Structure formats: C-alpha cells, structure tokens
Amino acid sequence: TDLPVGTRLVVTITVHSSTPVTLKRKIEVRKGVFTAFFTPSSQVPAGTTDFLVEAVCNPRQQSDGVGSLFDLNGENLVGPKVEKLGKVRIMKASQYMILE
C-alpha cells in the first residue's frame with residue numbers, strides 16, 4: 001500500500017453462510033504493508049468457504065500525525081478506492097474469496 005506508516009486500518013472478514021459472521025481486527029500499516037491474522041472461531045460453521053475481506057482507512061480513526069496528512073474529513077485521501085461516507089472520505093478495498 002502507499003498509505004503512510006502508522007495508518008490505522010480496520011480489516012473485516014464476513015463469512016457468507018446460512019448464519020453470517022463478521023470478524024474485525026484493528027491494525028497499522030508498517031513499511032508499506034499490512035497483515036491481519038484471523039483465527040476461526042466457533043461462530044464460523046465448519047466447511048465454510050465463502051468470505052468477503054474488507055480493509056477500511058477512516059481519517060477520523062488516525063493518530064494526529066497521520067490524520068493531519070489526510071485532513072479531518074479525508075479531503076487529502078485520493079485514489080480509485082476512496083468513497084464518501086457521510087461527510088468523510090474513506091479508503092475501502094474489498095475482495096471476495098472462495099477457499100477450496
């Protein structure tokens with residue numbers, strides 16, 4: 001990613017099954033990359049193969065240093081994955097995955 005070091009992201013995995021389950025992790029960008037580890041919980045039905053993975057950068061959830069780069073409402077946050085959420089511009093990337 002080209003987000004600054006220390007950018008806070010919320011990574012969410014939504015399990016698509018008869019009983020949808022959502023798991024979240026708050027992480028930070030380090031050296032141009034981010035990694036989120038999830039441990040399947042008892043809430044995830046056995047044999048589940050369909051997942052939606054989303055990473056969201058909200059300028060209002062940043063430290064003062066990183067937040068000042070984006071501006072309070074994300075005016076300086078630009079790119080193809082930037083969208084408006086109310087008055088705030090956020091970065092949202094998502095990928096649908098099927099595990100075999």
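As the structure is a computational prediction, the values presented were derived from the model and not from experiment. (Residues numbered from 1 in each chain as written. Predicted model: local features only at pLDDT ≥ 70, side-chain atom pairs only at ≥ 80, totals over all residues. Heavy atoms only, no water.)

A.B. asks: Where do I start with the overall build of the chain in this structure?
C.D. replies: Of regular secondary structure, the chain possesses 1 helix and 5 strands. Put simply, the chain runs from its N terminus to its C terminus through helices and strands in the order β-β-β-α-β-β. In terms of principal-axis extent, the alpha carbons of the chain reach across some 45 × 30 × 20 Å. Considering the chain as a whole, with its 100 residues, one finds that 33% of them fall into the buried category. If you take every contact in the chain between residues at least 6 apart in sequence, the share linking residues at least 24 apart comes to 55%. Accessible surface, the chain: about 6,700 Å² in total, of which carbon and sulfur atoms supply 54%. Measuring between centres, the 12 positive side-chain charges of the chain sit 5 Å from its 9 negative side-chain charges. (Helix = DSSP H or I, 4+ residues; strand = E, 2+ residues; numbered from the N terminus. Buried < 20%, exposed > 50% of the residue type's maximum accessible area, 1.4 Å probe, protein only. Contact = heavy atoms within 4.5 Å. Areas by Shrake-Rupley, 256 points an atom, 1.4 Å probe, with all protein chains shown as cover. Lys, Arg positive; Asp, Glu negative; His and termini not counted. Charge placed at Lys NZ, Arg CZ, Asp CG, Glu CD.)

A.B. asks: Is there a simple way to think about the nonpolar core in this case?
C.D. replies: Soluble, globular proteins show a tendency: their nonpolar side chains are buried together. Membership of the largest hydrophobic core is limited to 12 residues, which are Leu3, Leu9, Val11, Ile27, Val29, Ala55, Cys57, Val66, Phe70, Leu77, Val82 and Met91. Breaking this core down by element, the ones donating at least two residues are strand 1 (8-15), strand 3 (50-57) and helix 1 (64-70). Not counting residues within four places of it along the chain, the set of residues in contact with Val82 comprises Leu77, Arg89, Ile90 and Met91. Membership of the second largest hydrophobic core comes to 6 residues, among which are Val21, Leu23, Val44 and Phe51. (Core = buried A, V, L, I, M, F, W, Y, C linked by side-chain atoms within 4.5 Å.)

A.B. asks: Explain the environment of Met91 here, please?
C.D. replies: Along the chain, the position of Met91 falls in strand 5 (residues 88-98). Separated by 19 residues in the primary sequence, Met91 and Leu72 have C-alpha atoms spaced 14 Å apart. When neighbours within four sequence positions are excluded, Met91 is seen to be in contact with Leu3, Leu9, Ala55, Val56, Cys57, Leu77, Lys81 and Val82.

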